[in-house]
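The lines below spell out each chain.
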Amino acid sequence: MIKKTFFLLAYLMLLVSCTGCSFSKIDADEEGVMVMKPWFFGHGGVDNIPLTTGNTWTAWTTEVVRFKIIPVQYDEKFSDIMSSDNTPVDLTAHLLIQIEKGNTPILLKNFGENWYRNDIQKDLCNEVRNEISKYSMMELTCKRAIYDNASQHIENILRNKVKNEKIPITIMKVIIDKASPNSEVMEEYNKTAAQIQAKQTQL
């Protein structure tokens, strides 16, 4: 009877342990970070050792946060930047970032899962606006060097920020596409061009 009870308890413990686990798959371009949460009491927190490619079992109370460790491009669209001659322009800026392999637990612990939105996005957008607003619509249309210089300047600012704040990422490249008048301005240009063409036809 005692032996039977022992095996029954062992089976129940095995069943509980299995149902209390979850399965996580980490792809080759990812690292996973385990965030452990105590079942009843005690301390949880971020595991300092990242999960790499493969499969792993975790407690059902443990969350796995995944990060891409390959270069990832972030695109920011602007539709209301004012040039120096007060012409609103549209453009897109691209930022290429790579998270430092092996440092994803530090990134999560110190900067959160939304680290880009919280720590990088605002600075990128502010710097793009500041740079583009220095030039007239004509300059932005004709001078490609403006974008190369502005991109390099913003790269340097973001790299200094990352270094000073010890964010475990690498700023790889900033690219700013050529600006164009926004849709409302283009509509006015088209109306004006059509009116000029109509007058010339009448003559």
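You'll find the structure just up there.
Residues numbered from 1 in each chain as written. Predicted model: local features only at pLDDT ≥ 70, side-chain atom pairs only at ≥ 80, totals over all residues. Heavy atoms only, no water.

Trainee: Before we go on, may I ask you to explain unusual backbone geometry in this structure?
Mentor: With the exception of glycine, most residues fall at negative phi, and the peptide bonds are largely trans. Positive phi, normally seen in glycine, also occurs at Asn-86, with a value near 65°. For Asn-86, the location among the structural elements is in the loop between strand S6 (72-82) and strand S7 (88-99). Among the residues examined, Asn-86 registers a relative accessible area of 58% and is labelled exposed. Residue Lys-166 is not a glycine yet carries a positive backbone phi of 55°. Summarising the element assignment, Lys-166 is placed in the loop between helix H5 (145-165) and strand S8 (169-176). Note on Lys-166: relative accessible area 65%, which makes it exposed. (Helix = DSSP H or I, 4+ residues; strand = E, 2+ residues; numbered from the N terminus. Buried < 20%, exposed > 50% of the residue type's maximum accessible area, 1.4 Å probe, protein only.)

Trainee: Teacher, can you tell me more about the side chain of Thr-104 here?
Mentor: Locating Thr-104 in the fold gives a position in helix H2 (residues 104-111). In this structure Thr-104 touches Glu-31, Val-33, Pro-50, Phe-67, Ile-69 and Ile-99, once residues within four positions along its chain are discounted. (Contact = heavy atoms within 4.5 Å.)

Trainee: Sorry, what's going on with the side chain of Asp-119 here?
Mentor: Mapped onto the elements, Asp-119 comes out in helix H3 (residues 115-132). When neighbours within four sequence positions are excluded, Asp-119 is seen to be in contact with Phe-111, Lys-161, Glu-165 and Ile-167.

Trainee: What is the right way to look at H5 in this model?
Mentor: Each turn of an α-helix holds 3.6 residues, which means side chains three or four residues apart point in the same direction. Relative to the 30 Å expected for 21 residues at 1.5 Å per residue, H5 spans 30 Å between its end C-alpha atoms, a close match to the ideal helical length. For H5, every residue scored as buried is listed here: Ile-146, Tyr-147, Ala-150, Ser-151, Ile-154, Glu-155, Leu-158, Lys-161 and Val-162. The arc enclosing the buried residues of H5, seen along the axis, measures out at 155°, which places them on a common side. Exposed and oriented more than 90 degrees from the buried face of H5 are Asn-149, Lys-163 and Asn-164. Summarising the contacts, the buried residues of H5 are in contact with S7, H3, helix H4 (137-142) and S8. Directly after H5, the chain includes Lys-166, whose backbone phi takes a positive value near 55°. (Expected span 1.5 Å × (residues − 1). Arc of directions from axis to C-beta.)

Trainee: Where do I start with the environment of Thr-170 in this structure?
Mentor: By secondary structure assignment, the location of Thr-170 is in strand S8. For the pair Thr-170 and Ile-99, spaced 71 residues apart in the sequence, the C-alpha separation amounts to 6.2 Å. The contacts of Thr-170, once residues within four sequence positions are left out, are Leu-96, Ile-97, Gln-98 and Glu-100.

Trainee: What exactly am I supposed to notice about the packing of aromatic side chains here?
Mentor: Where two aromatic rings form a pair, the distance of their centres and the angle of their planes describe that pair. Taken as a whole and assessed by the stated rule, the structure comprises three aromatic pairs. Both rings, one in Tyr-74 and one in Trp-115, keep their centres 6.1 Å apart while their planes meet at 80°; by these two values the pair is edge-to-face. Highlighted residues: Tyr-74 in strand S6 and Trp-115 in helix H3, separated in sequence by 41 residues. Its relative accessible area of 21% is what places Tyr-74 among the partly exposed residues. With relative accessibility at 5%, the residue Trp-115 sits in the buried group. (Phe/Tyr/Trp six-rings, centres within 6.5 Å; stacked < 30°, edge-to-face > 60°.)

Trainee: Before we go on, may I ask you to explain H3 in this structure?
Mentor: Over its 18 residues, H3 extends 26 Å from the first C-alpha to the last, a length consistent with the 26 Å expected when each residue adds 1.5 Å. The largest bend in H3 comes to about 40°, at Gln-121. Listing the buried residues of H3 in full gives Trp-115, Tyr-116, Asp-119, Ile-120, Leu-124, Cys-125, Glu-127, Val-128, Glu-131 and Ile-132. (Bend = angle between axes of the 7 residues up to and from the residue.)

Trainee: Would you take a moment to explain the nonpolar core for this structure?
Mentor: A general trend in soluble globular proteins is that nonpolar side chains are found buried together. Core analysis: the largest hydrophobic core is formed by 36 residues, its most contacted members being Leu-95, Trp-115, Ile-120, Val-128, Ile-132, Ile-169 and Ile-176. Sort the elements by how many residues they give to this core and H3 lands first, with seven residues. Excluding anything up to four places from it in sequence, Ile-176 contacts Leu-91, Thr-92, Ala-93, Val-128, Ile-132, Arg-144, Tyr-147, Ala-150, Ser-151 and Ile-154. (Core = buried A, V, L, I, M, F, W, Y, C linked by side-chain atoms within 4.5 Å.)

Coordinates in, geometry out; function isn't part of it.
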